[in-house]
Amino acid sequence: QVQLVESGGGLVQPGGSLTLSCAASGSIFSINAMGWYRQAPGKERELVAAITRGGSTNYGDSVKGRFTISRDNAKNTMYLQMNSLKPEDTAVYYCKAVVRLDPASVFDSWGQGTQVTVSS
């Protein structure tokens, strides 16, 4: 099976920085788009940032200018560099990958999430 594992979450003070990683493993033919989503208690899951295999990116309005998404296709790994963190960034951050298992099938795969808490 395909597995996505997030890492790098933790507790940081407002204005601090944190880098998240998402590593994909398993019988993967290729990975198309990848993205970071987050969900705070009582709120809907929202897109944080997304990146195509070719490197095109888009960001949620609330994180533009502060977060940077990137990926290493050779490692099947995606990153999220988070700067100038705010308390409202507190959420569980989830990794999503559009995974191609063979030339004819594509599936969305999700990680289990990593907690990011921004608090003084």
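Residues numbered from 1 in each chain as written. Predicted model: local features only at pLDDT ≥ 70, side-chain atom pairs only at ≥ 80, totals over all residues. Heavy atoms only, no water.

*Asks:* Help me out: how do you make sense of the state of the cysteines in this one?
*Replies:* Working definition: the covalent bond between the sulfur atoms of two cysteines is a disulfide. Using the criterion set out here, one finds one disulfide in the structure. One disulfide bridge connects cysteine 22 with cysteine 95, the sulfur atoms lying 1.8 Å from each other. When the S-S torsion is -70 degrees, as for the bridge of cysteine 22 with cysteine 95, the disulfide is left-handed. Here cysteine 95 lies in strand β9 (residues 91–102) and cysteine 22 lies in strand β3 (residues 18–25), a separation of 73 residues in the sequence. As far as the burial class goes, cysteine 22 and cysteine 95 line up, both buried. (Disulfide = S-S within 2.5 Å. Helix = DSSP H or I, 4+ residues; strand = E, 2+ residues; numbered from the N terminus. Buried < 20%, exposed > 50% of the residue type's maximum accessible area, 1.4 Å probe, protein only.)

*Asks:* Explain the nonpolar core to me, please; I cannot follow it from the model alone.
*Replies:* Nonpolar side chains in soluble globular proteins tend to be buried together. Within the largest apolar cluster, 28 residues are counted, with the highest numbers of intra-cluster contacts made by Trp36, Leu80, Met82 and Tyr93. Listed by contribution, the elements that provide at least two residues to this core are β3, β4 (30–39), β5 (46–51), β7 (67–72), β8 (77–82), β9 and β11 (114–118). Counting residues per element, this core draws most heavily on β9, which supplies five residues. In this structure methionine 82 touches Gly16, Ser17, Leu18, Leu20, Arg66, Phe67, Tyr93 and Val116, once residues within four positions along its chain are discounted. (Core = buried A, V, L, I, M, F, W, Y, C linked by side-chain atoms within 4.5 Å. Contact = heavy atoms within 4.5 Å.)

*Asks:* Sorry, what's going on with the packing of aromatic side chains here?
*Replies:* How two aromatic rings sit relative to each other is given by the distance of their centres and the angle of their planes. According to the stated counting rule, one finds one aromatic pair in the structure shown. Centroid distance tyrosine 37 to tryptophan 110: 5.0 Å. Interplanar angle 55 degrees. Geometry classified as tilted. A residue pair is termed long-range when its members are at least 10 positions apart, and tyrosine 37 in strand β4 and tryptophan 110 in strand β10 (residues 105–110) qualify at 73 residues. Residue class for tyrosine 37 comes out buried when judged on its relative accessible area of 19%. Between the NZ or CZ atom of arginine 45 and the centre of the ring of tryptophan 110, over which it lies, the distance is 4.9 Å. (Phe/Tyr/Trp six-rings, centres within 6.5 Å; stacked < 30°, edge-to-face > 60°. Lys NZ or Arg CZ within 6 Å of the ring centre and 35° of its normal.)

*Asks:* What is the right way to look at the side chain of arginine 38 in this model?
*Replies:* With respect to the element layout, arginine 38 can be found in strand β4. Arginine 38 sits in the buried class, given a relative accessible area of 5%. Within the local environment of arginine 38, its side chain forms a polar contact with the side chain of glutamate 46, the two groups lying 2.7 Å apart. Of note is the side chain of arginine 38, whose polar atom sits 2.9 Å from the side chain of tyrosine 93. Among residues more than four places away in sequence, those in contact with arginine 38 are Glu44, Arg45, Glu46, Val48, Ser62, Val63, Phe67, Glu88, Asp89, Ala91, Val92 and Tyr93. (Polar contact = N/O pair within 3.5 Å; in protein donor to acceptor, adjacent residues only side chain to side chain.)

*Asks:* Just checking my understanding: could you explain the sheet that holds β7 for this structure?
*Replies:* Through backbone hydrogen bonds, the strands of a sheet pair up, either in parallel or in antiparallel fashion. Pairing within the open sheet is antiparallel, and its four strands lie in the order β1-β3-β8-β7. Edge positions in the open sheet fall to β1 (3–7) and β7, since each of these has one partner strand only. Pairs of neighbouring strands in the sheet enclose a mean axial angle of 15 degrees, with direction left out of account. For β3 and β8, the ladder comprises six bridges, and the chain directions are antiparallel. When the sheet's bridge partners are listed, serine 21 is paired in β8 with tyrosine 79. (Pairing = 2+ DSSP bridges. Axes fitted to C-alpha atoms, helices over the stretch in contact; angles between N-to-C directions.)

*Asks:* Which parts of the structure should I look at to understand the pattern of salt bridges?
*Replies:* Two side chains with opposite charge may pair up if their charged atoms get near one another. Here the structure, examined in full by the defined rule, presents five salt bridges. Residues aspartate 89 and arginine 38 are paired through a salt bridge, measuring 2.9 Å at the closest nitrogen-oxygen approach. Separated by 51 residues along the polypeptide, aspartate 89 in the loop between β8 and β9 and arginine 38 in strand β4 bring together distant segments of the chain. Across the pair, exposure class does not vary: aspartate 89 and arginine 38 are buried alike. The salt bridge partner of lysine 64 is aspartate 61, with a shortest N-O separation of 3.0 Å. Given the relative accessible area of 65%, aspartate 61 is considered exposed. (Salt bridge = Lys/Arg side-chain N within 4 Å of Asp/Glu carboxyl O.)

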